[in-house]
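Spelled out, the chains give:
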Amino acid sequence: MVAQGRAAGGLKKVLGPLDLILMGIGAIVGTGIFVLTGTGALTAGPALTLSFVIAALACGFAAMCYAEFASTVPVAGSIYTYSYATMGELVAWMIGWDLMLEYGLATSAVSVGWSGYFQSLIGGFGLHLPVALTAAPGAVPGVQTLINLPAFMIMMFLTAMLSWGARESARMNSIMVAIKIAVVLLFIAVGARHVQPANWHPFMPFGMGGTMSAAALVFFAFIGFDAVTSAAEEVKRPERDLPIGIIGSLAVCTVLYVVVSAIMTGIVPFQKFAGIDHPVSLALQYANENWVAGFVDLGAILGMTTVILVMSYGQTRVVFAMSRDGLLPARLSSVHPKFGTPFFATWMVGIIFGLIAAVVPLDVLAELINIGTLAAFCLVSVAVVVLRKKRPDLHRAFRCPGVPVVPALAVLFCVALMTFLSRTTWIAFTIWLVIGLVVYFGYSRRNAVLHPKHS
């Protein structure tokens, strides 16, 4: 398989461990901490902190499996490549198809959230866009809107950044992540002084069911660490740096989420987050720290910008790897002679999901993201056990501890969270997979560079 070795015209090795940790934090800290914390608090109450821990455990077990694969098969494509190496072409195609949905809709959804914060920020200066350009059709009941222009424009700007090169994008990401983390730490430092412990009682007002439902919801807040693995082919020392990037970014973000959600629910009674899409800044406004709330709004915009940047990066690298294996048209794996990036694939993906962000409401976009990610995590956890059996001779710079127990726990946690997702989500996800099968047997199977005998 071409994707398992470095192909001619391959991608430049320019990223180190700090780049990867910041890339992971850039992808993880964003919509989850700035938007979903409010919705999660309504579902779990102060036990939202426990919901984040449960979601983090699911991600943590899966991260160990990801780290082993990423250090063993260090090429572009994330779990798609790992699945190809262990389970064959059909499974690899289906998970790649799944990842295209996950990454693509995540960029679209976060772009819509970014648009809301951006409009709120400029509104504070008395600036307002024409109503028709503020949201997707039907997104605001009773209001005639045509297109979410800010969502489309931020997608186009970041697509241009990614098309210029990974090194340049990583530098931009590092600056924004530093500012974003500083804003989160500022919230913690200021907000901790206003916590009223009485607001934490009762701790679990909706029982364990509410806590688990919130965990299934806020799981979206952890999506992103897997995008680090999609950069494998551009990492200087993947066997060492990838595990550091994956586990390091996940650990930092888990601590931040738990502390921020504890402070939020300690300042504001959780019932007051109903209908609020800026819960972190609301907590500061509730505490009469309005000047800090303004900084938090800016941090939210930067936070979402980095999420879009890293998710778009992951999306284009998956498309690049699938194209290089012949499962998608060859044009999508062409590398720009000057920038050293999959230029055409980057712009194609950016335009498609930019348009989706512009015309599809946020609640519709969010439907499929979590279930696609949880399914991907289950697959990579199974694959690590399969590869241990099939290829025990492979050099593994990082070995997932406790195999097969840790992979089994990853599957258990992910499946448990999937059961709390809606029936509509399951139906829509199934339809997407069926479409993927049609494309595979209609095009990809005949054009694969290396066609496995068992497919």
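Everything here concerns the structure above.
Residues numbered from 1 in each chain as written. Predicted model: local features only at pLDDT ≥ 70, side-chain atom pairs only at ≥ 80, totals over all residues. Heavy atoms only, no water.

## As for the pattern of salt bridges
1) Next: For the structure on display, the rule yields four salt bridges.
2) Next: With its nearest N and O atoms 2.8 Å apart, the salt bridge here joins R388 to E68. Taken as a pair, R388 in helix α15 (residues 369-390) and E68 in helix α3 (residues 48-72) lie far apart in primary sequence, 320 residues in all. Residues R388 and E68 agree in their burial class; the two are buried.
3) Next: A salt bridge links E68 to R396; the nearest nitrogen and oxygen atoms lie 2.9 Å apart. Separated by 328 residues along the polypeptide, E68 in helix α3 and R396 in the loop between α15 and α16 (405-418) bring together distant segments of the chain. Of the two residues, E68 and R396, neither departs from the other in class, the shared state being buried.
4) Next: Among the charged side chains, a salt-bridge network with shared partners connects E68, R388 and R396. (Salt bridge = Lys/Arg side-chain N within 4 Å of Asp/Glu carboxyl O. Helix = DSSP H or I, 4+ residues; strand = E, 2+ residues; numbered from the N terminus. Buried < 20%, exposed > 50% of the residue type's maximum accessible area, 1.4 Å probe, protein only.)

## Description of the environment of P202
1) Next: Take P202: it is sitting in the loop between α7 (166-191) and α8 (207-218).
2) Next: Taking the C-alpha atoms as reference points, P202 and G45, separated by 157 residues in sequence, lie 8.2 Å from one another.

## With respect to a nonpolar patch on the surface
1) Next: On the surface, V131, V140 and V143 cluster together into a nonpolar patch covering about 200 Å² of accessible area.
2) Next: Topologically, V143 is positioned in the loop between α5 (89-123) and α6 (149-164). (Patch = residues over 30% accessible without salt bridge, like charges linked within 9 Å, V, L, I, M, F, W, Y side chains within 5 Å. Areas by Shrake-Rupley, 256 points an atom, 1.4 Å probe, with all protein chains shown as cover.)

## Quick notes on the packing of α3 against α15
1) Next: Close contact between α3 and α15 brings their axes to 9 Å; oriented N to C, the two are set at 45°. Comparing their axes, α15 and α3 come out oblique. In this structure, the crossing between α3 and α15 has a hand that is left-handed. Here C59, A62, C65, Y66, E68 and F69 of α3 lie close against α15, whose contacting residues are F377, V380, S381, A383, V384, L387 and R388.
2) Next: The residue makeup of the contact of α3 with α15, split by class, is 10 nonpolar, one polar and two charged. (Axes fitted to C-alpha atoms, helices over the stretch in contact; angles between N-to-C directions. Parallel < 35°, antiparallel > 145°, perpendicular 65-115°, else oblique. Left-handed = near helix turned anticlockwise from the far one by under 90°. Contact = heavy atoms within 4.5 Å. Nonpolar A, V, L, I, M, F, W, Y, C, P; charged D, E, K, R; others polar.)

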